[in-house]
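# Observations on the three-dimensional arrangement
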Amino acid sequence: MSIEGKVALVTGASRGIGRATAYALGKMGAIVVGTATSESGAQNITEGLAEQGYQGKGYVLNVTSQESVDSVVKAITEEFGAPLIVVNNAGITQDNLLMRMKEDEWDSVIDTNLKSVYRVAKATMRGMTKARWGRIVNISSVVATMGNMGQSNYAAAKAGMEGFTRAMAREVASRNITVNAVAPGFIATDMTHALPEEQHKALLTQIPLARLGQPEEIANAVAFLASEGASYITGETLQVNGGMNMR
Amino acid sequence: MSTIEERVKKIVSEQLGVKEEEITNASSFVDDLGADSLDTVELVMALEEEFETEIPDEEAEKITTVQEAIDYVVSHQ
C-alpha cells in the first residue's frame, strides 16, 4: 500500500521543516494539505505545491483552537478525503530563562506545540481507524532529551510530545496506525536563525557533522516514517541531528 | 427501511467483524463479541454517525450489550 493518492496533513507548512515535508510527501504522490496561520501563508502553500507539480493546497489553521482544527479536518475530508497521514509540525518558541519566564510564555508554547498534537490527532483519528491505516509523525526536537538553556517550556512541550507518541502508538496499533516522532537537531530555518551568533558558533562545536541540518534532511526522515516501508516502526523517536545526541 | 434493531446489529457486525447471525440482543460487546476498549469507543462513534446523535461518555459507558444500544437509540429518537 503506497501513500500515492492518500491525503497528508502537514501543520505549519508555510516554511522550514513543514514546507520541506509537504514537498517530500507530495513527491511521493500524496495529496498534501499544508496549513498556515494566515491567509497569505495558506496561499503561499497552495502556490508552492502547484509550482512543484504536487496535488493539494494550503489551509488556514489555528492549532490552538479545537474548533478551527475540527472545521479544517472536516473541510479537508469533504474536499480530498480523510487525512490518513498527519504530520504535527506547527510550533513556536518563546525562550526565556525560567526565573524570567512569564506564565503566558509557558502557556503559549505548551498550547501551540503540545496540546495542538492532542487536538489534531483526536480530530483525524476516526478517519484512520475507519481506514485501518494511518501514519502520525510528530516533529519533536533534540531539546526534548538534551534540554536547552532558556527553553524549559519548549523542552517540556517536546518531551511531552514524545511521551504522547508512545502512548498513542499503543492505543491505535491494532488499527494499523503507526505513531512516531522525528527529533531534529539544529536545522537551518527561521527558528534557528533567530539564535544569537555566539550560540550559533558554540552549537557547531557540539555537532559531529559540524553543520546545521537542512529542512529536507528532516523531511526525508518524516517521509520514510509515513511510507509503507516503515510499517513495523511505531512509538519510536528518530533522531536526526548530525550526531549531536548519540545514545 | 430497516428497523433500529437491524441497523444496530449491522453496525455491530461491521465494527466488530462478527457475522450478523452470531449477534443476539443479549450479546455483550466485550464478553460475547470480543470487543476491546478501542472497539467499544469506535462502536459508539459508529452509532452516533448512523443515528445522527451524540452519546455522552457517561451514557456510552452504560451501553455494553446490543439491547442496551437499541434501547438507547429508541429512547433518544
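Residues numbered from 1 in each chain as written. Chains lettered and ligands numbered in written order. Predicted model: local features only at pLDDT ≥ 70, side-chain atom pairs only at ≥ 80, totals over all residues. Heavy atoms only, no water.

## Some words on the overall build of chain A
Note the threshold: The helix and strand labels rest on DSSP assignments: H or I over at least four residues marks a helix, E over at least two residues marks a strand, and numbering proceeds from the N terminus. Both definitions apply: the radius of gyration is a C-alpha atom measure, and the globule rule equals 2.2 Å times residues to the power 0.38. Relative accessible area decides the class of each residue, using a 1.4 Å probe on protein chains only: under 20% of the type maximum gives buried, over 50% gives exposed, and in between gives partly exposed. Should any heavy atoms of two residues lie within 4.5 Å, those residues are counted as being in contact. To measure how exposed things are, a 1.4 Å probe is used in the Shrake-Rupley method; for residues, cover is taken only from the protein chains shown. Two residue types count as positive, namely Lys and Arg, and two as negative, namely Asp and Glu; His and chain ends fall outside the count. Charged groups are reduced to one reference atom each: NZ for lysine, CZ for arginine, CG for aspartic acid, CD for glutamic acid.
Of the regular secondary structure elements, chain A holds nine helices and seven strands. Computed over the C-alpha atoms, the radius of gyration of chain A is 17 Å, within 12% of the 18 Å expected from 2.2 N^0.38 for a compact globule of 247 residues. Structurally, chain A occupies a C-alpha span of about 50 × 35 × 35 Å along its principal axes. Buried positions account for 51% of the 247 residues belonging to chain A. Nonlocal contacts in chain A, meaning residues at least 24 apart in sequence, comprise 72% of its contacts between residues at least 6 apart. Summed over its atoms, the accessible surface of chain A is roughly 11,500 Å², and 53% of this surface lies on carbon and sulfur atoms. Averaging the positions of the 22 positive and the 23 negative side-chain charges in chain A gives two centres separated by 7 Å.

## With respect to the interface of chain A and chain B
Where we set the bar: As a working definition, buried area equals the accessible area (1.4 Å probe) given up by two parts on being put together, with both sides summed. Just to be clear on terms, a salt bridge is a Lys or Arg side-chain nitrogen sitting within 4 Å of an Asp or Glu carboxyl oxygen.
Between chain A and chain B, the residue contacts involve eight residues of the former and eight residues of the latter. Counting each side, the surface lost to burial between chain A and chain B is near 620 Å², with a carbon and sulfur contribution of 34%. In terms of surface lost to chain B, no three residues of chain A exceed Arg126(A), Arg132(A) and Arg175(A), which account for 73% of the buried area on that side. Between Glu42(B) and Arg132(A) there is a salt bridge; the shortest N-O distance is 3.5 Å.

## So, the UniProt feature "modified residue: O-(pantetheine 4'-phosphoryl)serine" in chain B
Rules: UniProt positions are given in the numbering used here, feature names are shortened, and annotations may be inferred rather than shown by experiment.
As annotated by UniProt and renumbered to match this structure, "modified residue: O-(pantetheine 4'-phosphoryl)serine" occupies Ser37(B). For Ser37(B), the position within the fold is in helix H2 (residues 37-50).

## Some points on the side chain of Thr129(A)
Mapped onto the elements, Thr129(A) comes out in helix H4 (residues 103-131). Contact partners of Thr129(A), with chain neighbours within four places excluded, come to Arg175(A), Ile177(A) and Glu42(B).

## Points about the pattern of salt bridges
Counted by the stated rule, this structure contains 16 salt bridges over all chains. Between Arg126(A) and Glu42(B) there is a salt bridge whose closest N-O contact spans 3.5 Å. Of this pair, Arg126(A) sits in helix H4 while Glu42(B) sits in helix H2, each in a different chain. Judged on exposure class, the residue Arg126(A) and its partner Glu42(B) are both buried. We note a salt bridge from Glu59(B) to Lys62(B), for which the minimum N-O separation is 3.9 Å.

## Some remarks on the nonpolar core
Rule in force here: Joining through side-chain atoms within 4.5 Å is the link that ties buried Ala, Val, Leu, Ile, Met, Phe, Trp, Tyr and Cys residues into a set, and such a set is a nonpolar core.
Membership of the largest hydrophobic core comes to 55 residues, with the highest contact counts inside it found for Leu25(A), Ile136(A) and Val182(A). No other element matches the seven residues that helix H9 (residues 215-226) of chain A contributes to this core. Excluding anything up to four places from it in sequence, Leu25(A) contacts Ile3(A), Ala8(A), Val10(A), Ala30(A), Val32(A), Ile85(A), Val87(A), Ala223(A) and Ala226(A). Grouped together as the second largest cluster of nonpolar side chains are 23 residues, Val8(B), Ala35(B), Leu43(B) and Ile63(B) included.

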